[in-house]
Amino acid sequence: MELTLWTYEGPPHVGAMRVAASMRDVHFVLHAPQGDTYADLLFTMIERNDRRPPVTYTTFQARDLGGDTAELFKDAVAAARARFAPKAMLVGASCTAELLQDDPGGLARTLGLDVPTIPLELPSYSKKENWGAAETFYRIVRALAGPARPRGARTRTCNILGATSLGFRNRDDVVEIRRLIESLGIAVGVAAPAGAAPEDIARLGDADFNVVLYPEIALPAAKYLEKHFGQPYTRTIPIGARATRDFVAEISALAGIDPVPDMGPSRADWYARSVDSNYLTGKRVFIFGDATHALGAARVAATEIGFDVVGLGTYSREFAREVRAAAAGYGIEALIADDYLEVEAAITKAQPELVLGTQMERHIAKRLGVPCAVISAPVHVQDFPARYSPQMGFEGANVLFDTWIHPLTMGLEEHLLSMFREDFEFHGDAAPSHLGAGPGTLAAAGKPIVIATPPAAANGSPAWTAEAESELKKIPFFVRGKARRNCERFAAERGVSSITVETLYDAKAHFSR
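Keep in mind that what you see is a predicted model, and the values were worked out from it rather than measured.

Here we take up the sheet that holds strand β1 (residues 26–31). The strand order β2-β1-β3-β4 describes an open sheet built from four strands, whose pairing is parallel. Looking at strand neighbours, the two that pair on one side only are β2 (55–57) and β4 (117–119), the edges of this open sheet. Each strand of the sheet is rotated relative to its neighbour by a mean of 20°, with strand direction disregarded. Pairing geometry for β1 and strand β3 (residues 88–93), over six bridges, is parallel. Across the sheet, V29 pairs through a bridge with V91, a residue of β3. Helix α1 (residues 12–22) rests against β1, β2 and β3 of the sheet, and its axis sits at about 160° to β1. Where helix α3 (residues 69–84) meets the sheet, its contacts fall on β1, β2 and β3, and the angle it forms with β1 comes to roughly 165°.

On to the pairing of strand β6 (residues 187–193), then. When you tally the buried positions in β6, you get five out of seven residues, the bulk of the element. Relative to β6, strand β5 (residues 157–163) runs parallel, the two sharing five bridges. Opposite I160, over in β6, you have A191 as the bridge partner. Once you follow β5 into helix α6 (residues 170–183) and on to β6, the crossover reads as right-handed.

Burial of β3 is extensive: six of the six residues sit out of reach of the surface. Alternating positions in β3 separate into two faces, A88, L90 and G92 on one and M89, V91 and A93 on the other, with burial throughout. Pairing between β3 and β4: three bridges, direction parallel. Bridge assignment links M89 to a residue of β4, and that residue is T117.

Our focus in this paragraph is the pattern of salt bridges. Evaluation of the coordinates by the stated rule reveals 21 salt bridges. Among the ionic pairs, D200 bridges to R24, the shortest N-O distance being 2.9 Å. In this pair, D200 is assigned in helix α7 (residues 198–201) and R24 in the loop between α1 and β1, connecting sequence segments 176 residues apart. When its relative accessible area of 40% is taken as the criterion, R24 is described as partly exposed. In this structure, the salt-bridge partner of E71 is K74, at a minimum N-O distance of 3.2 Å. Taken as a pair, E71 and K74 lie in helix α3 at a separation of three residues, close to a single helical turn. With relative accessibility at 36%, the residue E71 sits in the partly exposed group. Residue classification places K74 among the buried residues on the basis of a relative accessible area of 19%.

Right, let's talk about α6 for a bit. For α6, which comprises 14 residues, the first-to-last C-alpha distance of 20 Å matches the rise-based estimate of 20 Å (1.5 Å per residue) to within 8%. Inspection of α6 places N170, D172, D173, V174, E176, I177, L180 and I181 among the buried residues, and these make up the whole buried set. Where α6 is buried, its residues meet β5, β6, β7 (209–212), α9 (241–255) and α15 (393–405). After α6 finishes, the residue G185 shows a positive phi value of roughly 85°.

Once that is clear, we can look at helix α5 (residues 129–144). The end-to-end C-alpha separation of α5 is 22 Å, in line with the 22 Å expected for 16 residues at 1.5 Å each. Buried residues of α5: E129, N130, G132, A133, A134, E135, T136, F137, Y138, I140, V141 and L144, and no others.

Topologically, R179 is positioned in helix α6. Measuring from C-alpha to C-alpha, the distance between R179 and G393 comes to 9.4 Å, with 214 residues separating the pair along the chain.

Reading across the sheet, the five strands line up as β10-β9-β8-β11-β12 and stay open at both edges, with parallel pairing between neighbours. Each edge of the open sheet is held by one strand with a lone partner, namely β10 (335–336) and β12 (372–374). When strand β11 (residues 354–357) meets β12, the two strands line up parallel, connected through three bridges. Bridge pairing links G357 to V374 in β12. Where helix α12 (residues 320–329) meets the sheet, it contacts β9 (308–314) and β10, and its direction lies at approximately 170° from that of β9.

Under the criterion given, the structure shown has five aromatic pairs. Here the aromatic rings of Y8 and Y315 are separated by 5.2 Å at their centres, their planes lie at 15°, and the arrangement is stacked. Residue Y8 is located in the segment before α1, and its partner Y315 is located in the loop between β9 and α12; the two are separated by 307 residues in the primary sequence. The exposure classification of Y8 matches that of Y315, with both residues buried. With a centroid separation of 6.4 Å and 50° between ring planes, the pair formed by F288 and Y315 is classed as tilted. Within this pair, whereas F288 is found in strand β8 (residues 284–289), its partner Y315 is found in the loop between β9 and α12, the two being separated by 27 residues in sequence. Take F288: its relative accessible area is 0%, and that puts it in the buried class. Overall, Y315 belongs to the buried group, its relative accessible area being 4%. Aromatic rings pair up to connect Y8, F288 and Y315 into one cluster. Positioned above the aromatic ring of Y233 is the side chain of R235, whose terminal nitrogen or guanidinium carbon lies 3.9 Å from the ring centre.

Conventions we followed
- Residues numbered from 1 in each chain as written.
- Predicted model: local features only at pLDDT ≥ 70, side-chain atom pairs only at ≥ 80, totals over all residues.
- Heavy atoms only, no water.
- Pairing = 2+ DSSP bridges.
- Helix = DSSP H or I, 4+ residues; strand = E, 2+ residues; numbered from the N terminus.
- Axes fitted to C-alpha atoms, helices over the stretch in contact; angles between N-to-C directions.
- Contact = heavy atoms within 4.5 Å.
- Buried < 20%, exposed > 50% of the residue type's maximum accessible area, 1.4 Å probe, protein only.
- Right-handed = clockwise from strand over helix to strand, strands pointing away.
- Salt bridge = Lys/Arg side-chain N within 4 Å of Asp/Glu carboxyl O.
- Expected span 1.5 Å × (residues − 1).
- Phe/Tyr/Trp six-rings, centres within 6.5 Å; stacked < 30°, edge-to-face > 60°.
- Lys NZ or Arg CZ within 6 Å of the ring centre and 35° of its normal.

Treat this as a map of the structure, not an account of what it does.
See below:
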């Protein structure tokens with residue numbers, strides 16, 4: 001067994017809670033000891049919900065293990081039904097209570113409740129949070145989706161599937177995609193699980209097709225609806241302007257309408273082609289997150305902004321095949337891992353100029369002094385902004401461009417910093433950017449700025465003298481990283497332990513042949 005210090009996903013019952021907390025008139029009774037009730041904090045503090053999640057815990061203690069924990073669970077279910085009067089109930093066990101083998105589903109059935117009661121089997125020691133959310137949504141759909149009404153001649157209708165609590169910008173994505181779909185003359189029947197009630201789930205079968213925004217959550221339910229209700233589902237995730245146009249073409253075909261010839265350019269399209277943005281071409285970017293957002297981000301980075309994707313990975317092992325195939329298209333090997341230390345080692349080795357990842361990669365990038373933008377859960381409270389900030393659709397493409405570019409130093413700014421680097425007001429190379437401080441430490445106001453000298457690499461790479469570092473900074477920023485790597489390789493191959501100005505120019509002459 002490996003000790004987990006920091007995880008990308010929680011146990012599957014947290015995924016089940018995300019679905020329950022997303023819906024209306026649903027209550028989840030979780031068989032769990034006191035220590036497993038921490039999940040309330042995820043919703044009230046991180047997502048800043050104005051109500052606690054609709055979850056009742058049995059909260060048994062050590063002294064209860066000598067008694068009848070099954071009766072304790074049945075009492076909790078009956079009390080929750082009487083107090084909250086939900087229209088559907090979910091019952092399951094946390095990772096700790098799973099060891100008791102009390103069978104929450106069977107116990108709930110003995111109560112003869114007057115509302116649908118859906119048992120959840122959540123194997124905590126082999127599955128994780130996103131799987132738990134997907135399984136819960138699938139079980140709800142399977143239990144509650146009613147027979148479809150005759151479709152006949154009427155407005156084409158679709159459902160939007162996959163948004164949940166604690167999902168990265170899910171709330172705004174649904175608003176943006178709903179607006180886009182309705183602009184094409186297609187009606188949206190149900191958006192689920194977020195915002196849906198049991199009676200909405202019963203209407204899922206009325207739609208002509210389903211829009212799957214987050215396959216990690218919605219794919220099992222979409223496949224069930226396709227098999228039993230004859231509803232096809234979308235494969236294109238509308239992250240980025242190009243993917244959004246592909247998405248429009250796909251749903252137009254599913255709805256049987258003429259595709260829109262030109263949805264018009266997004267601002268991100270033009271900004272990426274603007275003069276100042278040309279300085280971004282070839283920037284090395286490392287991408288890691290859930291499969292949906294990592295794959296979408298890689299496509300935007302490579303085809304819309306002009307970045308060079310030097311790393312691509314996911315913690316979503318269920319989608320490892322898709323991520324590996326995409327990485328091969330960029331000429332790199334995918335990283336499939338849920339160990340943040342492994343991710344940090346891969347980022348360090350790739351030496352990117354920008355990291356796109358989760359809140360964990362944000363901390364990793366901060367330690368390495370590399371700009372970073374968050375693109376995927378798990379996230380911090382600051383990634384649930386009060387403003388409208390979708391990641392999908394044409395407006396989402398604009399948000400992505402702003403979010404990714406702002407941490408970087410743009411072309412004109414880089415030019416001016418280089419031009420005035422020797423000016424006394426800038427204290428050497430320490431010119432502070434309005435985009436944020438670099439790896440150096442900003443002293444108190446009115447005092448000099450101290451820039452930390454990059455330490456030698458942990459793998460035994462040669463150290464740089466101060467004079468060599470200063471000379472290296474005269475090389476244009478867009479090739480400086482390559483120059484550093486070439487020089488270190490040149491020195492290592494010749495057994496040089498300290499890189500001087502002479503070593504730098506010897507390496508330059510060697511690689512210029």
